[in-house]
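Listed here are the chains, written in short residue letters.
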Amino acid sequence: MEHYIIKGGKPLVGEVVIGGAKNAALGILAASIMTAGSCLIENVPNVRDINVLLQAMEGVGASIDRRSDNEVVISGKNLYMTDDLIVDNEYIRKIRASYYLIGALLGRFHKAKVVLPGGCDIGSRPIDQHIKGFRALGATVKIEHGMIVAEAEELIGSHIYLDVVSVGATINIMLAASMAKGNTIIENAAKEPHIVDVANFLNSMGARIRGAGTDVIRIKGVESFHDAEYSIIPDQIEAGTFMMAAAATRGNVLVKNVIPKHLEAISAKLMEIGAQVEESDDAVRVIATRRLKHTQIKTLPYPGFPTDMQPQMAVTLALSKGTSTITESIFENRFRYVDELARMGANIKMVDGNTAIIYGVEKYTGAKVEAPDLRAGAALVIAGLAAEGYTSVTEIGYILRGYERFDEKIRGLGGMIEKVDSEKESNKFIYRTGTLNA
Ligand code: EPZ
């Protein structure tokens, strides 16, 4: 079975280059089929969720030309205009971003039939705000046999107030509204960097969106879109993950190709606990020379501390001096790594289901652990890198959904990790590395 085997205890040192933002890419790729022309998209991360979405887009007739690992040309010219706009296959059911195809298809063709989204099991993850938005634009939306069926005679701009700040609903409504008749206002919109990136891409295809990145987005609908070329922003969470890996292993890592502004919440917390963070135009360096300190964290929508960085932060804090608390306020099921981390020696107590009290320990010891979801999986890898001895992380399919060449990038920083397929390969790694630095 595919898993990572890690020999920990060595500080990560060196430079790592961050790829394109997965969660921006998912919105942008879905949006690209809204034109009958073609779109060249650069800096696309080559990760499983992206590949599943591209496959589903091919399934409705889009042509996908993968120029290289990180560059793709998409043409929506031959998208089926009949009843065949059905998005369903066994893989797409497992990802979340399939829902962007509803907004994209509804905008361009006024109809869409897309299987209900899956994604990491981090909470109940309703889509009522997406549906509310589509309905406000004049669509009828039904859930039938596990599919979301949305249709409209015509889409008409509207004033939509989101009851909860939702990344997915903000992007999805932006997609559909950018081809509706007249003006749409989205209030209480999410402000994440990937919202701005999707809006910039839509504008580069001819959309007229203003205010993305603030909580009021204004959209003037247009009739059609044209060809575009676009490069996706760097992945804020991949960058944050490597920053945290540097801190937890007491290393010194230059994280390159980032937008430091997007990392402010993470940098601020790292500095607060005693790490050194040096920002330059498009890189941040994180240095930790001694044991870090405790702090309090509450996850919030951007620009607050991201829920997608919560497990990685917990792994760092569980090795820091004193007692820290982390409160998760976005998803109710994002602490499933706590039991796994306990196997490595962490001392974490849950209260009320959404707050973790973390009593810092001096060290982790390697153990067999299972990744419960994407970010928690990455966090367990960081724990393994910081731990004494060997750690194996199973269920790494989750990690591969969102991190490109994760093990290779860690090895580039001197980390000892390998992706293996069997116990035999794992033992070979142990045999080989056991003689090194033993
Ligand atoms: C996106 O999920 C990301 N996924 C998640 O990334 C990320 O954790 C999350 O935003 C928050 O930043 C993608 O972009 C594909 P939300 P999404 O809608 O869009 C509630 C990762 O590891 N809500 O912003 O599903 C919801 O339950 C992941 O890369 C409703 O109540 O998140 C949650 O409490 C996993 N009704 C909150 O809003 C709705 O209609 C925020 O969810 C929609 C959401």
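**Q** What is the right way to look at the overall build of the protein chain in this model?
**A** Across its full length, the protein chain carries 14 helices and 24 strands. Its C-alpha atoms give the protein chain a radius of gyration of 22 Å, within 12% of the compact-globule value 22 Å for 438 residues. Oriented by its inertia axes, the alpha-carbon framework of the protein chain measures out at about 70 × 45 × 40 Å. For the protein chain, buried positions account for 58% of its 438 residues.

**Q** I tried to follow the pairing of strand β17 (residues 283–287) on my own but got confused; where do I start?
**A** Both faces of the sheet carry side chains from a regular strand, because those side chains alternate between them. The element β17 is largely enclosed, with a buried count of 4 among its 5 residues. Sheet analysis places strand β15 (residues 252–256) next to β17, joined by 5 bridges and oriented antiparallel. By the bridge assignment, Lys256 is partnered in β17 with Ala283. For strand β16 (residues 276–279) and β17, the ladder comprises 4 bridges, and the chain directions are antiparallel. Its bridge partner being in β17, Val277 is matched across the sheet by Val286. Connecting the antiparallel pair β16 and β17 is a turn made up of 3 residues.

**Q** Whenever I open this one, the pattern of salt bridges confuses me. Can you help?
**A** Two side chains of opposite charge can pair, provided their charged atoms sit close to one another. By the definition in use, this model includes 19 salt bridges. A salt bridge links Glu388 to Lys363, with the nearest nitrogen and oxygen atoms 3.1 Å apart. Here Lys363 lies in the loop between β21 (355–359) and β22 (368–370) and Glu388 lies in the loop between α11 (374–386) and β23 (390–394), a separation of 25 residues in the sequence. Since its relative accessible area comes to 45%, Glu388 is described here as partly exposed. If you follow the salt bridges from partner to partner, you end up with Glu2, Arg48 and Lys419 in one network.

**Q** Explanation requested: empty space enclosed by the protein in the structure shown.
**A** Over the atoms rolls a probe the size of a water molecule, and its path tells where empty space is left. Inspection of every chain in the model, using the stated rule, returns 1 cavity of 30 Å³ or more. Here the largest cavity defines a volume of roughly 60 Å³. Every residue lining the largest cavity is listed: Gly19, Gly20, Lys22, Pro45, Val47, Asp235, Glu238, Gly402, Tyr403 and Glu404. Partitioning the lining of the largest cavity into residue classes produces 3 nonpolar, 3 polar and 4 charged. There are two domains that each give the lining of the largest cavity at least three residues, and those are domain 1 (3–19 + 234–436) and domain 2 (22–231).

**Q** Mind showing me how you'd approach a positive patch on the surface here?
**A** A cluster of basic side chains, namely Arg208, Arg210, Arg218 and Lys220, defines a positive patch on the protein surface. Those elements giving two or more residues to the positive patch turn out to be β12 (208–210) and β13 (216–220). For Arg210, the position within the fold is in strand β12.

**Q** What exactly am I supposed to notice about the nonpolar core here?
**A** In globular proteins that are soluble, nonpolar side chains generally tend to be buried together. Formed by 83 residues in total, the largest nonpolar core has its most connected members in Leu29, Ile41, Met57, Leu101, Met174 and Leu202. What Ile41 contacts, discounting residues up to four positions off in sequence, is Ile28, Leu29, Asn70, Glu71, Val72, Ile74, Phe201, Tyr230 and Ile232. One finds Ala248, Val253, Leu380 and Ile410 within the second-largest nonpolar core, a separate group that totals 72 residues.

**Q** What's the story with helix α8 (residues 264–272) in this structure? I'm lost.
**A** Along an α-helix, a turn takes 3.6 residues, which lines up residues three or four apart on a common side. The set of residues buried in α8 consists of Ala265, Ile266, Ser267, Lys269 and Leu270. Close packing links the buried residues of α8 with α7 (236–248), β16, β17, β18 (296–298) and α9 (310–317). Just beyond α8, the residue with positive phi is Gly274, at close to 105°.

**Q** Any chance you could explain the environment of Leu12 here in plain terms?
**A** If you trace the backbone, Leu12 turns up in the loop between β1 (3–7) and β2 (13–17). Given a relative accessible area of 0%, Leu12 falls into the buried group. The spatial distance from the C-alpha of Leu12 to the C-alpha of Glu395 is 24 Å, given a sequence separation of 383 residues. The contact partners of Leu12, leaving out residues within four places of it in the chain, are Ala245, Thr249, Gly251, Asn252, Val253, Leu385, Ile410, Leu413 and Gly415.

What counts as what
For every chain, the first residue of the written sequence is number 1, and numbering continues from 1 onward in sequence order. Per-residue local features are limited, in this predicted model, to residues with pLDDT of at least 70; the limit for side-chain atom pairs, both in listing and counting, is 80 or more; totals at the level of whole chains, interfaces and linings are taken over all residues. To obtain the side-chain values, all non-hydrogen atoms of the structure were included, while hydrogens and water were left out. Think of it this way: any DSSP run of H or I at least four residues long counts as a helix, any run of E at least two long counts as a strand, and we number them from the N terminus. Radius of gyration means the value over C-alpha atoms here, while the globule rule gives 2.2 Å times the residue count to the 0.38 power. Under the scheme applied here, a residue whose accessible area is under 20% of the maximum for its type counts as buried, over 50% as exposed, and between as partly exposed, the area being computed with a 1.4 Å probe on protein chains only. A pair of strands is labelled paired if DSSP reports no fewer than 2 bridges between them. When a carboxyl oxygen of Asp or Glu is within 4 Å of a side-chain nitrogen of Lys or Arg, the pair counts as a salt bridge. Computed over the protein atoms alone on a 1 Å grid, cavities are sets of points where a 1.4 Å probe fits but cannot get out and pockets are open sets with protein on both sides within 12 Å along at least five of seven lines; a residue lines them when it has an atom within 4 Å of a point. Grid points are joined across faces, edges and corners, and a volume is the space filled by probe spheres set on the points. Each residue is assigned to one class: nonpolar for Ala, Val, Leu, Ile, Met, Phe, Trp, Tyr, Cys and Pro, charged for Asp, Glu, Lys and Arg, and polar for all the others, Gly among them. The source of the domain bounds is an automatic or database domain assignment. Patches here: salt-bridge-free residues with over 30% relative accessible area, like charges joined within 9 Å, nonpolar side chains (Val, Leu, Ile, Met, Phe, Trp, Tyr) joined within 5 Å. Per-residue accessibility takes into account occlusion by the displayed protein chains alone, with areas from the Shrake-Rupley method and a 1.4 Å probe. Charge assignment: positive for Lys and Arg, negative for Asp and Glu; neither His nor the chain ends contribute. Where a charge sits is defined by one atom per residue type, namely NZ (Lys), CZ (Arg), CG (Asp) or CD (Glu). By nonpolar core we mean a set of buried residues, namely Ala, Val, Leu, Ile, Met, Phe, Trp, Tyr and Cys, connected to one another through side-chain atoms within 4.5 Å. Contacts: residue pairs with any heavy atoms within 4.5 Å of one another.

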